[in-house]
Amino acid sequence: EGLVAGSGTNRSPAMANYYSYWEKLIFKALTSCVYKALRQFSTFLSIDRASGAAKHPPIFRVTASLSAPDIVLSPALNDIQKLFN
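Note that this is a predicted model, so its numbers are computed, not measured.

Reading guide: rules and limits
Residues numbered from 1 in each chain as written. Predicted model: local features only at pLDDT ≥ 70, side-chain atom pairs only at ≥ 80, totals over all residues. Heavy atoms only, no water. Helix = DSSP H or I, 4+ residues; strand = E, 2+ residues; numbered from the N terminus. Buried < 20%, exposed > 50% of the residue type's maximum accessible area, 1.4 Å probe, protein only. Contact = heavy atoms within 4.5 Å. Areas by Shrake-Rupley, 256 points an atom, 1.4 Å probe, with all protein chains shown as cover. Lys, Arg positive; Asp, Glu negative; His and termini not counted. Charge placed at Lys NZ, Arg CZ, Asp CG, Glu CD. pLDDT = per-residue confidence, 0-100. Patch = residues over 30% accessible without salt bridge, like charges linked within 9 Å, V, L, I, M, F, W, Y side chains within 5 Å. Salt bridge = Lys/Arg side-chain N within 4 Å of Asp/Glu carboxyl O. Phe/Tyr/Trp six-rings, centres within 6.5 Å; stacked < 30°, edge-to-face > 60°. Pairing = 2+ DSSP bridges.

S.K.: For the overall build of the protein, give the residues involved together with the corresponding values.
M.R.: When helices and strands are tallied, the protein shows two helices and two strands. Sequence-ordered secondary structure for the protein, helices as α and strands as β, is α-β-β-α. In terms of overall dimensions, the protein has a C-alpha envelope of 65 × 40 × 20 Å along the principal axes. Per-residue burial for the protein yields a buried fraction of 5% across its 85 residues. The contacts in the protein between residues at least 6 apart in sequence include a share of 5% that link residues at least 24 apart. Entry remark: accessible area of the protein is about 7800 Å², with carbon and sulfur atoms responsible for 61%. The average position of the 9 basic charges and that of the 5 acidic charges among the side chains of the protein differ by 10 Å.

Right, here's the structure in full:
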């Protein structure tokens, strides 16, 4: 903007169409990425209607039990988080 409009405000009326174009393009790209990721995640979690079984095998098994006043997870939450980092 500094070279084209002579200002550095990012609000130049001369650049409004340019900014609008790129804003819409980036928004569409981000929306598309989120949509595809959610669709893939939904497919990953979906159940086969014919057999009633999961389409993908589980990654791991978590057992939760109530030990008043806490909920105990096995494996521990830290171990689960390590799998995804």
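S.K.: Could you give an account of the confidence of the model for the protein, naming the residues involved and the relevant values?
M.R.: Close inspection of predicted coordinates is inappropriate in any region flagged by low pLDDT. For the protein, per-residue confidence averages 83 on the pLDDT scale, and residues scoring 70 or more make up 92% of the total. Here helix α2 (residues 77-84) stands out as the element of the protein with the lowest mean pLDDT, 82, in contrast to helix α1 (residues 16-45), whose mean of 91 is the highest.

S.K.: Please give an account of a nonpolar patch on the surface that cites residues and values.
M.R.: On the surface, Tyr18, Tyr21, Trp22, Leu25, Ile26 and Leu30 cluster together into a nonpolar patch covering about 630 Å² of accessible area. Here Leu25 is to be found in helix α1.

S.K.: Give me the packing of aromatic side chains: which residues, what numbers.
M.R.: Following the criterion strictly, the structure yields three aromatic pairs and no others. Seen in terms of ring centroids, Tyr21 and Trp22 are 5.1 Å apart; in terms of plane orientation they differ by 85°. Their pairing is edge-to-face. Three or more aromatic residues joined by ring pairs form one cluster here, namely Tyr18, Tyr19, Tyr21 and Trp22.

S.K.: Go over unusual backbone geometry with me, naming the residues and quoting the values.
M.R.: The linkage connecting Ala68 with the following residue, Pro69, adopts the cis geometry, with an omega of 5°. With respect to the helices, strands and loops of the structure, Pro69 is situated in the loop between β1 (63-67) and β2 (70-74). Here the bond from Ser74 into Pro75 is cis, since omega is 5°, no more than 30 degrees from zero. Topologically, Pro75 is positioned in the loop between β2 and α2.

S.K.: With reference to specific residues and values, describe the pairing of β2.
M.R.: As paired elements, β1 and β2 share five bridges and run antiparallel to each other. Each residue of the ladder has a partner; that of Ser65, found in β2, is Val72. Here β1 hands over to β2 after two residues, the two strands then running antiparallel side by side.

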